[in-house]
Amino acid sequence: AGAAMCCYVADRFKGTCGGGKCVFGEPEDNSDVCYVDMTNAPYSARVASGIAVYDKVDSSEGSDSEGNVYCHGFAWDAADDTAASSRYKGNLLLKVGMKDHLYDKGYVQNVPGAPMCGCIEQMPVVSKAACTDLVAEETWQIEKDANGVFLVSSVGVDIAYGDCTDLATKAKELNPDIAYENYLIGDGQCHSAVDSFLAGEGIVRSHLEIVLVEGHPTKEQITVTFNHEVEDGAVGAFTIEGLTINSAALHPDNKAVLILQTSLQTYGTEYTLVTKNAISKRSANMVVLPVGTTAPFYAIEYGLSNTKEAENYNLALELDIPTSPTWGNTGVPAYTYGTEPISYFSRVAYFLELESEQYGWQWVWVSMDAFTQNVMNLGFPTKGAGSVVYDQYVDNVNILSNQPQITPCDDSELSGQKARLEFWPYSYITSNSESVPFASNSLYDWGDDMNTGTYGSMQIHVPSYGEVLFGVNRWARNDPKIDIGIGNQPTGHPDWTFADNSDIYTLKKLSVLVSKEDNIDPAVFAPNNKAVGTADTEGYKLVYDLPVATQATYGTSLVPYHVDYHKSVGTFERIAYYIELDDNWLWVSMNAFTDDASKIGVPTFASGAIFQQAVEDVNVFSSLAGMEASGITGNIEFWPNDYSAQNVKGIPNASDTAYDFGDIMRTTGDHGSMQIHNTAKGMTIFAYNNWNSNRVGAIGIGPNVVGEPDWTFADNAGQYTTKRIQVFVK
C-alpha cells in the first residue's frame, strides 16, 4: 500500500532491571491505537485471525488509556519502482525502525496482536503517525573502455533524511488513489472506526449511556437510568448547575438506576446533568461514560402537566382509587368532576398516575376516539353505574408515558392499528376466543373473555405492540386489595390480574378527560328520545343530558351531565323535561320559570336553584296512560335540601302528612327534590329525589301508588337499567 509503519509501546531506556527481569517505561505518546485485525498479520499474531480493540476511556483520567504508544512511518511511490522513495525504502526502514527508535530512543515492543514494524495494511489502525522521508543525491561515473564502450557506474549516494510530519499526508501525496484513511483515521475517530469495523464482523460493542433522566414531582429528586448497571463510583460523578446534590444512591435492586436528592427545583425549568468523573459499566469497567457527558431534564410536578395533549381536553372524572373499594353490586366510585361544562366530545383520554417504592413514580396517558357519549360510562364500569361493557377496539390512539417499556406513539404511528378496551364488572377467562393478536390462552392479557361472576376489569392494551397500558382489576368484589399497574406486569399475568397489590401504592389517581370542542351548535343535537314526533317537541334545543346514577353525589361535586349546553343556548321562553325509565317515558313542557339556564337542571347547592312555585301552560305526553295534559297549571318543587310533608303553602288538595305536591323545603339537610306536579289533578308528573350524598336515589313518572306519592323514600333508582333526564328550551 506504499507505506510502512512501526508502533512501539515501551521505552527500555526508562526501564529498570533486577532479579532477572526488566520493567520498561512508556515511550512518547503520539497516537491512539484503535484496533488490530490479526487476519492481516497472522505470523506476528500467531493466530490465523482475531481482533484486539484498544479504544477505551480510562474511568479515572477521562483519556484514552491503552497506554502510551509511539507510531512512526514512511511512504514511497508504489507505482514507480525507479523513484528514490521506492529504491531506498529499505534505508528508510533501517532509519525509522532500527536506528532512530530502537537504537537511539530505546523504543521496543509491539502493540499486542500486531507486528512492531510492517506494511501499513498489516499494522494496527491508529489515529496518526509521525513521518520520515528522504532526498537521495547519487554520484555516477561515466568512462569509455579500450573498445570505445561507455561504462556507467555508481560512485556513491548521499541520503538526507527529513521530517515529513504526518504519515497520512505524505502517503496520500505519493499515492493519491490509496485510502490511507482506513489505516490512519485521524484524532477522535477511534470510537466510530471501531464500531464500524465490529459491525462488519457482526459484533456490537458494549457501550454505556444515560437513557433517561427524570425529575420527580416532589421537585427534590432526580432518577438517572443507564442502559447497564454501573459501578458504585457513579454516586459522586455528577454536577447540576443551579442545584445542589445533597445525596446520591444506586437503587438497591437495580444498579442501572441512580437516585439523586437535590435542592428544590423550579417547576418547568430545564437543568443539565454533567459528569465530572467518568462512570464505568459494572460488569466491564473498560466500558465507560466519559467526563463531560451531559443530559438535560425538566423539573416536573404531579398530574396532567406532564402531557401537553391534555391542554386540548377537559377533565370529566377524577378518582383517588381506594386500596379497598366497596363498590360491590350497587356502589359507584366517589368521583370528583371537572369544572367545565361537557358537551359533545370526539375524543376520550385516560391518565393514570401511580407511585410506590417498588416501581417508583409512574404515569401513562392514552387518548382515543370517543367510544360513548355518556360521561359516566367512561369511568369504572361498576354494577351500580349500570354494568356497562366495552370489550372492543378503539381507533386513533395516542400514548405517552414515563415508563420506557411503554412504546410512545401518536395516531399516525398507529395507523391501521388499534388499542383494545376490556371494561366490565364481571369475571373473565384467558381463552382468547377472538384470536386477539399476540394474546395468550393461558395468561391473562389483552385477549381475555368476559365470564360470569364478579371480579371487575378496567384495562387498555395495544395488542399489536404486545403491551398493557394499564390494568385496574378486582374492584367489584369488595376485597381487601385490588390489582393495579402500568405496563406489562414483570412477572405473572401481563394485565395485573391477581396482582393483589393496591396497598403498595401511596398514589393511585385516575383522570378521565374528554376533548374540548369549539362552536358546537345545540340545534345539531335534536331531542333523540321517544317523545320526538309528539306535537310539543318541535323547535326545542337540548341543554342537559343526564344519565342518572343509582347513587349520586351531586351535593359535593358538579352534576356529571353527558351533555351541557347551558352557556350557549341564549334566551328562551319555554322549558321542557324528558324522562326515560326503561320502556316508559315522559315529556313535560312549560313556560320558563327562570331565564338562567344554569338553574334548570338538577337543583344542586352549587347551582343555587330553589323553586317552589306555580308553572303555567304545562303540556304533558307520556307512554303511561292518564298522564297527558295540555295548557294546565302545575307546580314545581326544586331544591337541594331536606323537606317536610306539611302543606305550609296551602296548595289545594295537598296533604300535611304525605309527601306529595305540597311539601315545604327545610333550610338544612341534603335530600334533594326535583319534582313537577299537576296541581289540578293533585298528582305528581315526575320526581327525582335523594341525589346528594351517595344514597340510592328515588325516581318515578306519575304518582307513586305504593308509598309517598312524590316518590320520596322510594329508593328505587337501582331497579332501572335506563334512567335518563334531558332538559330542553326554546
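Residues numbered from 1 in each chain as written. Predicted model: local features only at pLDDT ≥ 70, side-chain atom pairs only at ≥ 80, totals over all residues. Heavy atoms only, no water.

K.L.:
Give a description of the state of the cysteines that names residues and reports values.
P.N.:
Under the definition given, this model contains 5 disulfides. Shown here is the disulfide that connects Cys6 with Cys117, its sulfur atoms set 1.9 Å apart. Classification of the bridge connecting Cys6 and Cys117 rests on its S-S torsion, roughly 115°, and on that basis the disulfide is right-handed. With Cys6 in strand S1 (residues 3-8) and Cys117 in strand S8 (residues 117-119), this pair connects stretches of sequence that are 111 residues apart. Relative accessible area serves as the criterion here: at 27%, Cys117 is assigned to the partly exposed category. Covalently, Cys131 is tied to Cys164 through a disulfide, its sulfur atoms 1.8 Å apart. Across the S-S bond of Cys131 and Cys164 the torsion is about -85°, and the bridge reads as left-handed. Taken together, the residues Cys131 in strand S10 (residues 130-144) and Cys164 in the loop between strand S11 (150-163) and helix H4 (167-174) connect sequence positions 33 residues apart. When the cysteines of the chain that form disulfides are numbered from the N-terminus onward, they connect as 1-7, 2-6, 3-4, 5-10, 8-9. Cys119 takes part in no disulfide bond, and the closest cysteine sulfur, belonging to Cys6, lies 11 Å away. (Disulfide = S-S within 2.5 Å. Helix = DSSP H or I, 4+ residues; strand = E, 2+ residues; numbered from the N terminus. Buried < 20%, exposed > 50% of the residue type's maximum accessible area, 1.4 Å probe, protein only.)

K.L.:
Now, about the sheet that holds S11: what can you tell me, with residues and values included?
P.N.:
The mixed open sheet is built from 5 strands, whose spatial order is S8-S1-S6-S10-S11. Two strands bound the open sheet, and with one partner strand each, they are S8 and S11. Neighbour-to-neighbour, the strand axes of the sheet open up by a mean angle of 25°, direction not taken into account. The pairing of S1 with S8 spans 3 bridges and is classified as antiparallel. When the bridges of S8 are listed, Cys6 appears paired with Cys117. Running at roughly 160° to strand S6 (residues 70-75), helix H3 (residues 89-105) makes contact with S1, S6, S8, S10 and S11 of the sheet. H4 contacts S1, S6 and S10 of the sheet and is inclined by roughly 15° relative to S6. (Pairing = 2+ DSSP bridges. Axes fitted to C-alpha atoms, helices over the stretch in contact; angles between N-to-C directions. Contact = heavy atoms within 4.5 Å.)

K.L.:
Kindly report on H3, identifying the contributing residues and their values.
P.N.:
Between the first and last C-alpha of H3 there are merely 21 Å, a value that for 17 residues lags more than 12% behind the 24 Å anticipated at 1.5 Å per step. At Lys95, H3 shows its maximal bend, which comes to roughly 35°. Along H3, the residues that are buried comprise Leu92, Val96, Gly97, Asp100 and His101. Against the buried residues of H3 lie S1, S6, strand S7 (107-108), S8, S10 and S11. Downstream of H3 by one or two residues, Gly106 has phi in the positive range, about 80°. (Expected span 1.5 Å × (residues − 1). Bend = angle between axes of the 7 residues up to and from the residue.)

K.L.:
Give me the lowdown on the side chain of Thr537, citing residues and values where you can.
P.N.:
Topologically, Thr537 is positioned in the loop between strand S31 (505-515) and strand S32 (541-547). Non-local contacts of Thr537, meaning those with residues more than four positions away in its chain, are made with Ala531, Val532 and Trp587.

K.L.:
So what's going on with the sheet that holds strand S29 (residues 467-473)? Residues and values would help.
P.N.:
If you walk across this open sheet you meet the 5 strands as S25-S27-S28-S29-S30, and the pairing is antiparallel. Both outer strands of the open sheet, strand S25 (390-394) and strand S30 (483-486), are each paired with one neighbouring strand and no more. The mean angle between the axes of side-by-side strands here comes to 25°, regardless of whether they run parallel or antiparallel. Note: S29 against S30, 4 bridges, orientation antiparallel. Looking at the pairing, Phe470 lines up with Ile486 of S30.

K.L.:
Got a sec to walk through unusual backbone geometry? Specific residues and values, please.
P.N.:
A positive phi angle, close to 65°, is found at Arg46, a residue other than glycine. As for its position among the elements, Arg46 is in the loop between helix H1 (42-45) and strand S5 (51-53). Here the phi dihedral of Asp617 falls at roughly 55°; this positive angle occurs in a residue that is not glycine. The residue Asp617 is located in strand S37 (residues 611-622) in this model.

K.L.:
Tell me what's going on with the pairing of strand S21 (residues 313-320), and back it up with residues and numbers.
P.N.:
It is a general feature of regular strands that their side chains alternate between the two faces of the sheet. Within S21, 6 of the 8 residues are buried, which leaves the element mostly enclosed by the surrounding structure. Here S21 pairs with S31 via 7 bridges, running antiparallel. Across the sheet, the residue bridging to Asp320 is Lys509, located in S31.

K.L.:
Outline the layout of surface pockets, listing residues and values.
P.N.:
The computed volume of the largest pocket comes to approximately 830 Å³. In terms of lining, the largest pocket is formed by 29 residues, of which the most central are Val257, Gln358, Tyr359, Gly360 and Gln403. Among the secondary structure elements, those contributing two or more residues to the lining of the largest pocket are strand S12 (210-215), strand S13 (221-226), strand S16 (254-262), strand S23 (347-356) and strand S24 (360-369). The residue inventory of the lining of the largest pocket, partitioned by class, reads 10 nonpolar, 15 polar and 4 charged. (1 Å grid on protein atoms, 1.4 Å probe; cavity = no way out; pocket = protein on both sides within 12 Å on 5 of 7 lines; lining within 4 Å. Points joined across faces, edges and corners; volume = space filled by probe spheres on them. Nonpolar A, V, L, I, M, F, W, Y, C, P; charged D, E, K, R; others polar.)

K.L.:
Describe the environment of Met450, with residues and values.
P.N.:
Tracing the backbone shows Met450 in strand S28 (residues 449-462). Overall, Met450 belongs to the partly exposed group, its relative accessible area being 36%. With 27 residues separating them along the chain, Met450 and Phe423 place their C-alpha atoms 9.3 Å apart. Residues contacting Met450, with those up to four places away along its chain left out, are Val389, Trp424, Tyr426, Ser427 and Tyr428.

K.L.:
Now, about helix H5 (residues 190-200): what can you tell me, with residues and values included?
P.N.:
All of the buried residues along H5 are Cys190, Ala193, Val194, Phe197 and Leu198. The arc that holds the buried residues of H5, viewed along the axis, is 125°, so those residues lie on one side. In H5, the exposed positions that point more than 90 degrees away from the buried face belong to Ser196, Ala199 and Gly200. Contacts made by the buried residues of H5 are with strand S4 (33-37) and S5. Gly202 lies just past H5 and shows a positive phi near 75°. (Arc of directions from axis to C-beta.)

K.L.:
Quick rundown of the nonpolar core? Include the residues and the values.
P.N.:
Membership of the largest hydrophobic core comes to 55 residues, with the highest contact counts inside it found for Tyr577, Phe593 and Tyr688. A total of 6 residues in this core trace back to one element, the largest contributor, which is strand S35 (residues 574-581). Excluding anything up to four places from it in sequence, Tyr577 contacts Leu586, Trp587, Val588, Met590, Phe593, Ile600, Phe638, Met674, Ile676, Gln726 and Val727. Counting 52 residues, the second largest nonpolar core, distinct from the first, contains Val375, Val388, Leu421 and Ile460. (Core = buried A, V, L, I, M, F, W, Y, C linked by side-chain atoms within 4.5 Å.)

K.L.:
Help me get a handle on the environment of Asp479, residues and values and all.
P.N.:
Residue placement: Asp479 occurs in the loop between S29 and S30. Looking at Asp479, the relative accessible area reads 15%, which means it is buried. The contact partners of Asp479, leaving out residues within four places of it in the chain, are Ser324, Pro325 and Arg474. Side-chain polar atoms of Asp479 contact the side chain of Arg477, separated by 3.0 Å. (Polar contact = N/O pair within 3.5 Å; in protein donor to acceptor, adjacent residues only side chain to side chain.)

K.L.:
Break down the pairing of strand S38 (residues 629-639) for me, with residues and values.
P.N.:
Burial analysis of S38 places 8 of its 11 residues in the buried class, which makes it a mostly covered element. Here S37 folds back onto S38 in antiparallel fashion, the turn holding 6 residues, of which Gly626 has a positive phi close to 85°. The pairing of S38 with strand S41 (residues 673-678) spans 6 bridges and is classified as antiparallel. Counted as the bridge partner of Phe638 is Met674 from S41.

By themselves, these observations are geometric and do not establish any function.
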